[in-house]
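Topology and contacts: notes
Chain by chain, the residues run as shown.
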Amino acid sequence: MSDLNINQKVSEMLQRSEANAQQDEKTFVRPEDELREVVAPDGSIIKINPLYDYYSGERPQEDKPKNAIVEKFLNWARSESIWVLGFGTGCGSIEIPPLVTPRYDMFRFGVQMRATPRQSNAFIISGYLSVKTLKRVIRSYEQMPSPKYVIALGSCTINGGMYYDSYSTINRLDKYLPVDVYIAGCMPRPEALLAGFGELKRLIKEGKGEKANEYARNFDEYKANQKKIIKDWNMPDYNW
Amino acid sequence: MEHARLQLVNKLFNDRPKSYKYNLFQMKLLIDRLTQHYNLTDYKQQRHNLAFVTVDKQLSPDIITHLRDYEGFSHFVLLSCVDWIEDDKLQLTYLLNQPNHKYEIGVRVLIDRKNPEMVSLHKMWKQIWTYQRELHEAFGIIFPGSPRLEENFVLEGWTEKPHMLRDFDTKEYAERTYFPRPGRTSNDPATYMREKLYPNQPVTAKTNKND
């Protein structure tokens, strides 16, 4: 009986390896993106294609402000609760931890860090951004709920900074993501970061924090720029 | 009891801090032993506990195996590469460590820059294949038989020529790809000195390999 089982297993493995080889010839699919079978809560087996079933292929929609008075109240509320995604992309991420200490204390301004993009509405691009990181940044940014804001920290995000001639880091962030506030410096101190939060709050209160809508409006342009430098684009165009 | 005491004394004697002269003497003995067996094209004593030897490409696996198996260089430290574009060569350095005598030897191998290929040594020390993957991406060196050589190491989807070769113009590539912001000025001291103080100086001088 056990011999039979072993034979069965060997033949299965051979079949699988042949199938894998055929797949490899077509395209390289990462292990986490392979087709799989999942057991649903009611016991039935569902076939899953992660690239199409776990992400949405829909474009982002523009959500324009409607009622001026309601929007003013909403903007006040939004500006008082800025939840920042804890994603350090470069050397500037070392300037963020002091903000959580009693000396600087960003909580008094209604700013706090979150561990997941689905709970946050502000993204600090802290310093230089390599192409490899940009891919992850785009995925995280698109998972954040709207309205969302981007703070570009340091001169590397403005014109490339001291890495302007590097083959792996981008020069201008605003070609790939819409930026609300720039904080210049190399690196800016935590006080400058707090001033940047103040500026962002002012913009939101004035109703100018509409960059998520701008991203939806110029979606094709941004995607073209992103795809120009991310050569191995192996994800859906829009992945909520 | 007596045996244990002797063992301890021996251990203490072997583990004692070695002097500068002792290390240097041991290294000289080592190089003497090596020259009896192999033809070393170049030898340089960098420090009392570090020397570099240059060997032929065909001989290098033999010498490294000899160093590991007979001279006690059991610890592989790193594998690095230098691009000598003027000589049309790539220089590989295998840095090996001898834990008992606490000295290191760097085995340098010069390979052709046009057709960069080197024997894969991943069967001697398993970790070498990671270095070889890195060198394949950065310099385009081929190590036949090295596992996962073609996979991405640091960059993703790189289609240009290997980025660490000196004739890859990184500034030109960045300007072509990453939308440079106009109006950027430079206050680089080296540029200022070249333009204002030493206008007749050649821009690039050939680097001295023995430095």
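The present account deals with the structure reproduced in this document. Remember, it's a predicted structure, so these values are computed and weren't measured experimentally. Position numbers for residues count from 1 along each chain, tracking the sequence in the order it is written. Chains carry letters from A onward and ligands carry numbers from 1 onward, assigned in written order. Totals for whole chains, interfaces and linings use all residues, but because this is a predicted model, local features are given only for residues with pLDDT of at least 70 and pairs of side-chain atoms are given and counted only at 80 or more.

Only DSSP runs of H or I with at least four residues qualify as helices, and only runs of E with at least two residues qualify as strands; both kinds are numbered from the N terminus onward. In terms of helices and strands, chain B carries 6 helices and 5 strands. Reading the helices (α) and strands (β) of chain B from amino to carboxyl end gives α-α-β-β-α-β-β-β-α-α-α. Here the C-alpha atoms of chain B give a radius of gyration of 23 Å, more than 25% beyond the 17 Å that 2.2 N^0.38 yields for 211 residues. Seen through its principal axes, chain B has C-alpha atoms that stretch 80 × 45 × 35 Å. Considering chain B as a whole, with its 211 residues, one finds that 18% of them fall into the buried category. Contacts in chain B between residues far apart in sequence, at least 24 positions, make up 50% of those at least 6 positions apart. As defined in this context, the radius of gyration uses C-alpha atoms, and a globule is described by 2.2 Å times the residue total to the power 0.38. Remark: C-beta atoms are placed from the backbone, and a residue is labelled buried if 20 or more other C-beta atoms sit within 10 Å of its own, exposed if 12 or fewer do, or partly exposed between those counts. Once C-beta atoms have been placed from the backbone, residue pairs whose C-beta atoms lie within 7 Å are recorded as contacts.

Before going further, it helps to examine the interface of chain B and chain A. Bring the parts together and some accessible area is lost; that lost area is often taken as the interface size. Contact residues are listed per partner, giving 15 residues for chain B and 15 residues for chain A. Under the convention adopted here, Pro, Cys and the residues Ala, Val, Leu, Ile, Met, Phe, Trp and Tyr are nonpolar, Asp, Glu, Lys and Arg are charged, and Gly plus all remaining residues are polar. Within the side of chain B that touches chain A, the residues separate by chemical class into 6 nonpolar, 5 polar and 4 charged.

Residues and elements named next belong to chain B. Overall, mixed pairing links the 5 strands, which are arranged 1-2-5-4-3 in an open sheet. Sheet topology places strand 1 (42-47) and strand 3 (75-84) at the edges, where each strand pairs with a single neighbour. Neighbour-to-neighbour, the strand axes of the sheet open up by a mean angle of 20°, direction not taken into account. In this analysis, strands are considered paired if DSSP registers two or more bridges between them. The pairing of strand 2 (residues 50-55) with strand 5 (residues 103-112) spans 6 bridges and is classified as parallel. In the strand pairing of strand 5, threonine 54 is matched with arginine 108. Seen against the sheet, helix 2 (residues 20-37) touches strand 1, strand 2 and strand 5 and runs at an angle of roughly 40° to strand 5. Lines fitted to C-alpha atoms define the axes, with helix axes restricted to the stretch in contact, and inter-axis angles between N-to-C directions lie between 0 and 180 degrees.

For the rest of this paragraph, the subject is the nonpolar core. Residue and element names in this part refer to chain A. Counting 39 residues, the largest nonpolar core has Phe123, Ile125 and Ile151 as the members making the most contacts within it. Those elements that provide at least two residues to this core are strand 3 (82-85), strand 5 (122-126), helix 4 (131-143), strand 6 (149-153), strand 7 (181-183) and helix 6 (190-205). For this core, the element with the highest residue contribution is strand 6, accounting for 5 residues. Here isoleucine 151 is in contact with Ala122, Ile124, Asp180, Val181, Ile183, Gly196 and Leu200, once residues within four sequence places are set aside. Nonpolar cores are identified as sets of buried Ala, Val, Leu, Ile, Met, Phe, Trp, Tyr and Cys residues joined via C-beta atoms within 7 Å.

Of note, B:Glu86 is situated in the loop between strand 3 and strand 4 (89-98). The exposure class assigned to B:Glu86 is exposed, which follows from the 11 C-beta atoms found within 10 Å.

With 18 residues, helix 2 of chain B extends 26 Å from end C-alpha to end C-alpha; this agrees with the ideal 26 Å at 1.5 Å per step. Packed against the buried residues of helix 2 of chain B are strand 1, strand 2 and strand 5 of chain B. Expected helix span is given by 1.5 Å per residue-to-residue step, counting one fewer step than there are residues.

As a further point, take the environment of A:Arg202. All names here are of chain A. Along the chain, arginine 202 falls in helix 6. Judged by C-beta crowding, with 13 C-beta atoms within 10 Å, arginine 202 ranks as partly exposed. On a C-alpha basis, the gap between arginine 202 and asparagine 67 in space is 20 Å, while along the polypeptide they are 135 residues apart.

All right, on to the packing of helix 3 (residues 68-79) of chain A against helix 6 of chain A then. All names here are of chain A. Two elements in contact, helix 3 and helix 6, have axes separated by 8 Å at closest approach and are oriented at 165°. With respect to helix 6, the element helix 3 is oriented roughly antiparallel. Viewed along their axes, helix 3 and helix 6 form a crossing whose handedness is right-handed. Contact residues: Asn75, Trp76, Arg78 and Ser79 in helix 3; Lys201, Ile204 and Lys205 in helix 6. When the residues that make up the contact of helix 3 with helix 6 are grouped by side-chain class, the tally is 2 nonpolar, 2 polar and 3 charged. Put simply, angles under 35 degrees are roughly parallel, angles over 145 are roughly antiparallel, angles from 65 to 115 are roughly perpendicular, and the rest are oblique. In this scheme the handedness of a crossing depends on how the near helix is turned from the far one: anticlockwise by less than a right angle means left-handed, clockwise means right-handed.

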